[in-house]
Amino acid sequence: MSKTKEHESKEFKTDNDFDPDFFKDIERKSNIWSCIQCGTCTASCESGRWTALKTRTIIRKLTLGDLTVLKDPDIWLCTTCYQCYERCPRDVKPTDVIMELRNYATKLGNISPNHRAVVGYLKNYGHAVPINDEVKQQRKELGLEELPPTLFKFKSEGDTEDIEKIKELLFDLPEEKEKEEEK
Amino acid sequence: MVKEETFAFFLGCIMPNRYPQIEKATKFVMERLGYKILEMEKAACCPAPGVFRSFNKADWMVHAARNIAIAEKMDADILTVCNGCFGTLQEVNKRIKEDETLRLKVNEKLKLLGDYKVNGTITVRHIAEVLGYDIGPWGIEDKIIRKINARVAVHYGCHFLKPTKIREIDSSEKPTIIEEFIEALGVKSIPFKEQLTCCGAGGGVKAYDGNASMTIFSEKMVNIDEVKPDFILDICPFCHLQFETGQDYLNQNQSCNYDYPVIHLSQLTAYCMGMDQEFIGLQYQKMGRDFLFGEKSTEEGV
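So, how was this worked out
- Residues numbered from 1 in each chain as written.
- Chains lettered and ligands numbered in written order.
- Predicted model: local features only at pLDDT ≥ 70, side-chain atom pairs only at ≥ 80, totals over all residues.
- Heavy atoms only, no water.
- Domains from an automatic or database assignment.
- Contact = heavy atoms within 4.5 Å.
- Buried area = accessible area lost by both parts, 1.4 Å probe.
- Salt bridge = Lys/Arg side-chain N within 4 Å of Asp/Glu carboxyl O.
- Helix = DSSP H or I, 4+ residues; strand = E, 2+ residues; numbered from the N terminus.
- Buried < 20%, exposed > 50% of the residue type's maximum accessible area, 1.4 Å probe, protein only.
- Core = buried A, V, L, I, M, F, W, Y, C linked by side-chain atoms within 4.5 Å.
- Pairing = 2+ DSSP bridges.
- Axes fitted to C-alpha atoms, helices over the stretch in contact; angles between N-to-C directions.
- Nonpolar A, V, L, I, M, F, W, Y, C, P; charged D, E, K, R; others polar.
- Phe/Tyr/Trp six-rings, centres within 6.5 Å; stacked < 30°, edge-to-face > 60°.

Draft legend 1. Looking closely at the domain arrangement of chain A. Split into domains, chain A comes out as domain 1 (20-107) and domain 2 (113-176). On a C-alpha basis, the centroid separation for the pair domain 1 of chain A and domain 2 of chain A is 32 Å.

Draft legend 2. Highlighting the domain arrangement of chain B. Residue and element names in this part refer to chain B. As assigned here, chain B comprises domain 1 (5-126) and domain 2 (136-299). Here the C-alpha centre of domain 2 lies 24 Å away from the C-alpha centre of domain 1. Taken together, the contact between domain 1 and domain 2 spans 25 residues of the former and 34 residues of the latter. Summed over both sides, the interface of domain 1 with domain 2 buries roughly 2,500 Å², with 70% coming from carbon and sulfur.

Draft legend 3. Molecular detail of the pattern of salt bridges. If you walk through the whole model with that rule in mind, you get 21 salt bridges over all chains. A salt bridge links E23 of chain B to R139 of chain A; the nearest nitrogen and oxygen atoms lie 2.8 Å apart. Residue E23 of chain B is located in helix α2 (residues 20-32), and its partner R139 of chain A is located in helix α8 (residues 133-141); the two belong to separate chains. Assigned by exposure class, E23 of chain B and R139 of chain A land together as buried. The salt bridge involving K109 of chain B is made with D59 of chain B; its shortest N-O contact spans 3.0 Å. With a gap of 50 residues between them, K109 of chain B in helix α6 (residues 100-110) and D59 of chain B in helix α4 (residues 57-74) connect regions that are remote in the sequence. Several salt bridges share partner residues, and in doing so they unite R49 of chain A together with E194 and E219 of chain B into one network.

Draft legend 4. Geometry of the nonpolar core. Counting residues in each nonpolar core, the largest one holds 148 residues, and the members touching the most others are L101 of chain A together with F52, I182, F231, L233 and L268 of chain B. The element best represented in this core is α4 of chain B, accounting for ten residues. In this structure L233 of chain B touches V152, A153, V154, H155, I178, I182, I263, H264, L265 and L268 of chain B, once residues within four positions along its chain are discounted.

Draft legend 5. Examining the sheet that holds strand β6 (residues 187-189) of chain B more closely. Residue and element names in this part refer to chain B. The parallel open sheet is built from four strands, whose spatial order is β6-β5-β7-β8. On the outer flanks of this sheet lie β6 and β8 (262-264), each paired with one strand and no other. Each strand of the sheet is rotated relative to its neighbour by a mean of 40°, with strand direction disregarded. Where strand β7 (residues 231-234) meets β8, three bridges bridge the pair, whose relative direction is parallel. Bridge pairing links L233 to I263 in β8.

Draft legend 6. The arrangement of the interface of chain B and chain A in detail. On the chain A side, the residues contacting the 68 residues of chain B number 58 residues. Across the chain B to chain A interface the summed buried area is about 5,700 Å²; carbon plus sulfur atoms make up 60%. The shortest N-O distance in the salt bridge between R49 of chain A and E219 of chain B comes to 3.0 Å. Top element by residues in the side of chain B that touches chain A is α4 of chain B. It accounts for six residues. For the side of chain B that touches chain A, the residue count by class is 31 nonpolar, 17 polar and 20 charged.

Draft legend 7. Layout of the pairing of strand β3 (residues 77-80) of chain B. Residues and elements named next belong to chain B. In β3, alternate side chains face the same way, and those of D77 and L79 on one face and I78 and T80 on the other are all buried. When strand β1 (residues 6-9) meets β3, the two strands line up parallel, connected through three bridges. In the sheet register, A8 faces β3, and the bridge partner there is I78.

Draft legend 8. Representation of the packing of aromatic side chains within the structure. Overall, the coordinates contain 15 aromatic pairs over all chains when judged by the stated rule. Here W76 of chain A and F55 of chain B contribute two aromatic rings whose centre-to-centre distance is 6.1 Å and whose plane-to-plane angle is 35°, an arrangement assigned as tilted. Separated into two different chains, W76 of chain A in the loop between α4 (55-63) and α5 (83-87) and F55 of chain B in helix α3 (residues 52-55) make up a pair that spans both. Under the relative-accessibility criterion, W76 of chain A is labelled buried at 5%. Taking the relative accessible area as the measure of exposure, F55 of chain B reaches 4% and is therefore buried. Taking the centre distance of 5.9 Å and the plane angle of 85° together, the rings of F231 of chain B and F293 of chain B count as edge-to-face. Residue F231 of chain B is located in strand β7, and its partner F293 of chain B is located in the segment after α14 (277-280); the two are separated by 62 residues in the primary sequence.

Below, the structure is given as structure tokens:
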């Protein structure tokens, strides 16, 4: 298809770790080349109303081959409310585009320390939000088992097989990159 | 064929680990309605659709498929009470059902995690959908022992309804499923400005940038405060957490004075079906600890 050629011939702003299949991939998974820059996404954005997140600009940059979007902290301000996704007249699925961008940003090591911590919780407890003593007590008072029958309970009883495999095989994040300039 | 009237109860993270009262209430409601509720042993985080999908979509699917596989082994549909869990499990389940190539790919990695395999034999449900459509306002009338006379701010959250093409539950611009159901409990939903907007917690924003999350949330609270509801009604423990901790944050940092009780649909329904107020668990919550449903009871209810 000619439109594929067109974007393949673009000179991308280079990044050493850049995955050259990125644009093909994102095109396959979304509909960015249908975007007419109408701005319905930005106008509907519940985060962008208060933050620097400008969905239309992100999609524009993407269609122009501007790789700075992968380092743009604003892509992490999307609450995935799907309002843009629902309202886009061209069926671009901006929420999915942002998700893809985040996946690539993660591959490049652009992940916030807080998000790294959440992944750590999943790997260690099987939960993004682990239990604490106060809630254990509340569970007893309510007549529930002190620990819910989830992976964490089995881990604390010594059955660690599943959680070890999850830890090893899923959500392997790249090492944190050295800070370039910043502050 | 999956077992009828039986659910594999998917707990998720925030409900069992922060708001066990919602877990208690959900079991109470479902069992009183005649459903069999089965525990999903070794289930883990769904994993959250905003956070974990952002890092690695493929792993997000595999981890979700592991949870689905547990329910498939039990031969039961999954019941969730959280928009996040529902968002993840419903979407992944739908995709592995519809796309065989994807299912094979997921299974390939899934087997590395243990004796797990997805076949696409079950359905993932949200309690609001079960109550709103399966039981319905017409069916709950006979099951409740009391109505409460309250005006509430209904918060749908995002992932219960959206993306509408995947969820296929109700309109995302003007849904009525909760309003119609709670009317049968005597509860009136009062519309407020920007009612359907996000609570500001999703997409990993609460962890990534707490200030941004609170800014989005503060507008929500201003709009809710304008109509002075008796309480905020939600259908998602993550929204629940945001409404709880958020009001507290705004009180402490922006000299607000909010004290709106935050109540999950399961808690409200459980109360109307006869669960004692102490098990509704408002005493464990940050906001509206002294709120009593009973104070607003009407005689006509029983």
